[in-house]
Amino acid sequence: MNRRQNIWLITLTLIAILFAQCSKDDSLFRRDSNYLVLDQVNQPSSRLETIRQALSFNSFKAGNEDQLDFSLEYLLSSPVVEGASVQATHIVFQSNKLYLSYNTRGDLIRGGMEVIDFADPSDPRVSATGIRDGEFSSLDIFTNPSTGSSYLMLAGKGWPVDGHEGAQLRMFELDNSGYPILDPQIFNLNGFTGTDVNGLGIVSGTNGGLYILDEVTLGFVEWQLDLDDARSIAYDAISNQYVALLGNPGRLVTGLPNNPHTIELGGIAQEGSKAILRVSNGLAFVSLGEEGLMVVDINTGSIKASLAGPDVPSGENELNYVTNGVSVHSEGYLFIANGAAGVFVAKYDGLGEIEVLGSIDLDASVNYVEARGEYLFAATGTKGVAIIKMSGVYGMDPIVTTNKPSYESITKTGAVAGGLVDHNMSNEILNKGVCWSTNSTPLKADHSSSHGPGVGSFVSQLNELQPGTKYYVRAYATTDHGVFYGQIESFTTLADTEESDDLIDSRDGREYRT
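Residues numbered from 1 in each chain as written. Predicted model: local features only at pLDDT ≥ 70, side-chain atom pairs only at ≥ 80, totals over all residues. Heavy atoms only, no water.

A. Spotlight on the overall build of the protein. A count of helical and extended segments in the protein gives one helix and 43 strands. The 514 residues of the protein split such that 54% are buried. If you take every contact in the protein between residues at least 6 apart in sequence, the share linking residues at least 24 apart comes to 53%. Accessible surface, the protein as shown: approximately 23,300 Å² in total, 47% of it carbon and sulfur. (Helix = DSSP H or I, 4+ residues; strand = E, 2+ residues; numbered from the N terminus. Buried < 20%, exposed > 50% of the residue type's maximum accessible area, 1.4 Å probe, protein only. Contact = heavy atoms within 4.5 Å. Areas by Shrake-Rupley, 256 points an atom, 1.4 Å probe, with all protein chains shown as cover.)

Structure (structure tokens):
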């Protein structure tokens, strides 16, 4: 072979390798090119304006007995994605970080996601990513109990990708610092758009339904049933059920996915309008648009309390004065997103009465609220997100979630459990872990693990268990106010006579189920 032939052979080989590599990474490359980093991690952002100005609280009670005061600390203007101003749709606060999703009005599909590091409220840092091939109605953070890895789940609509235009779920793994890695799994769903996601449950709107992400592999979503005009979804860990809110007219569906029961409520007549559902202590707090707010017992279906929507000023469009969302805080406080009427502050007494204390006028239409500890976060469409400091509202207890031992981890003498402790932004987390017992109410004083101070997820190895025995387990967190527990989960160890292919690791002496 002469020199010229050698050169041609080398050239053709390089071209073949390059072509093969491009073919292999084509989907990833094409996908990555749709993510536009707008604000770098841990860098100041010109979109975050420091205000620190007292807000007028229009008290509906003489004397403002609760002594509530509100200060607008920051105003985060909406990012611009390829010339389009996107609007905040959903807010989640977890592990000292604020996560936001964005979409656009009209037919144009542009969206984004944003992370605000709020570990130091005096110096928050913004990281934003614009998305040119998708927009999102909702988000949530899910932590895999087996691995401890956390994921940012975005429900919304995708631009045609591999022939699909419609409802999608995008799942971004979070790095060790809590920021999304821009290489998501994308799940195509039936329906016009994904309207909400909570835990492993996803709902899509028109011509859509309920989907649940496979909890073992996180590799696929499984359709459960059709739900007409689903607007929101929430998971109740205590009763192990999903609850969905449907629109036009407003309906609450409990017992999902296996035992659905529909409760007619009314309201939510406006097509495509925001309507948020929250579940706390067996009660559903339901935003019903023009019908206001209702509190429903998800186990009995009875309506416990209701609150009419805001008054509509003369000459104003009634569609702008509706109840879009609610956030449930400690001490019975409710923060209600009432569109152009602003944020209403109310109190639920647990006995059937919701008392409105007053309202905060932000000179913008409020479509979503999230109250955590001393802070209130309000999404105001294209005007951005208002970050408000509150006084007179006491800090929340830590939110503690128990991760049930997975089937694969249970052996004759051990299991793997875990949990998640989220910060209340006021009380320091001194310790966290799981506790377990053969008694139905395990306490930290029984058998427990310890994973140190601070918030976050953790995985615990439960050892020296008895074969063929039922155990109860729950996560805990301690603060200077006491011990706080997550929901109780149960499991049964393998019996001595039960066949298994368990392996004993000579390095640690532990038994592992295969």
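B. How the structure looks around the pattern of salt bridges. Overall, the coordinates contain 11 salt bridges when judged by the stated rule. Residue R251 pairs with D228 through a salt bridge whose shortest N-O separation is 3.5 Å. Within this pair, whereas R251 is found in strand β21 (residues 251-256), its partner D228 is found in the loop between β18 (221-226) and β19 (230-236), the two being separated by 23 residues in sequence. On the accessibility criterion, R251 (13% relative accessible area) is buried. Through salt bridges with shared partners, one network takes in D39, R47 and E114. (Salt bridge = Lys/Arg side-chain N within 4 Å of Asp/Glu carboxyl O.)

C. A look at the sheet that holds strand β31 (residues 368-372). Strand order across the open sheet formed by five strands is β2-β4-β33-β32-β31, with antiparallel pairing between neighbours. The open sheet is flanked by β2 (48-54) and β31, the only strands paired with a single partner. When the angles between neighbouring strand axes are averaged without regard to direction, this sheet yields 20°. (Pairing = 2+ DSSP bridges. Axes fitted to C-alpha atoms, helices over the stretch in contact; angles between N-to-C directions.)

D. Geometry of the environment of G381. Position of G381 relative to the elements: it lies in the loop between β32 (375-379) and β33 (385-391). Using a relative accessible area of 4% as the deciding quantity, one classes G381 as buried. Along the backbone, G381 and Y368 are 13 residues apart, and their C-alpha atoms lie at a distance of 9.0 Å. Residues in contact with G381, not counting those within four places in the same chain, are S78, Q87, A88, S365 and N367.

E. Representation of the sheet that holds strand β15 (residues 194-198) within the structure. What the four strands build is an open sheet, ordered β15-β16-β17-β18; its pairing is antiparallel. Each of the sheet's edge strands pairs with one partner strand only, and the pair in question is β15 and β18. Strand-to-strand twist of the sheet, defined as the mean angle between neighbouring strand axes without regard to direction, takes the value 20°. As judged from the three bridges shared by strand β16 (residues 201-204) and strand β17 (residues 209-213), these two strands associate in the antiparallel manner. From the neighbouring strand, V203 faces β17, where its bridge partner is L210.

F. Molecular detail of the environment of L75. Mapped onto the fold, L75 is located in strand β4 (residues 69-76). Between the C-alpha atom of L75 and that of K383, which follows or precedes it by 308 residues, the distance is 8.8 Å. Setting aside residues up to four positions removed in sequence, L75 forms contacts with R47, L48, E49, I51, K383, V385 and A386.

G. Looking closely at the environment of P398. Here P398 lies in the loop between β33 and β34 (399-403). According to the relative accessible area criterion, P398 is buried, its value standing at 9%. Residues P398 and V483, spaced 85 residues apart in sequence, show a C-alpha to C-alpha distance of 9.6 Å.

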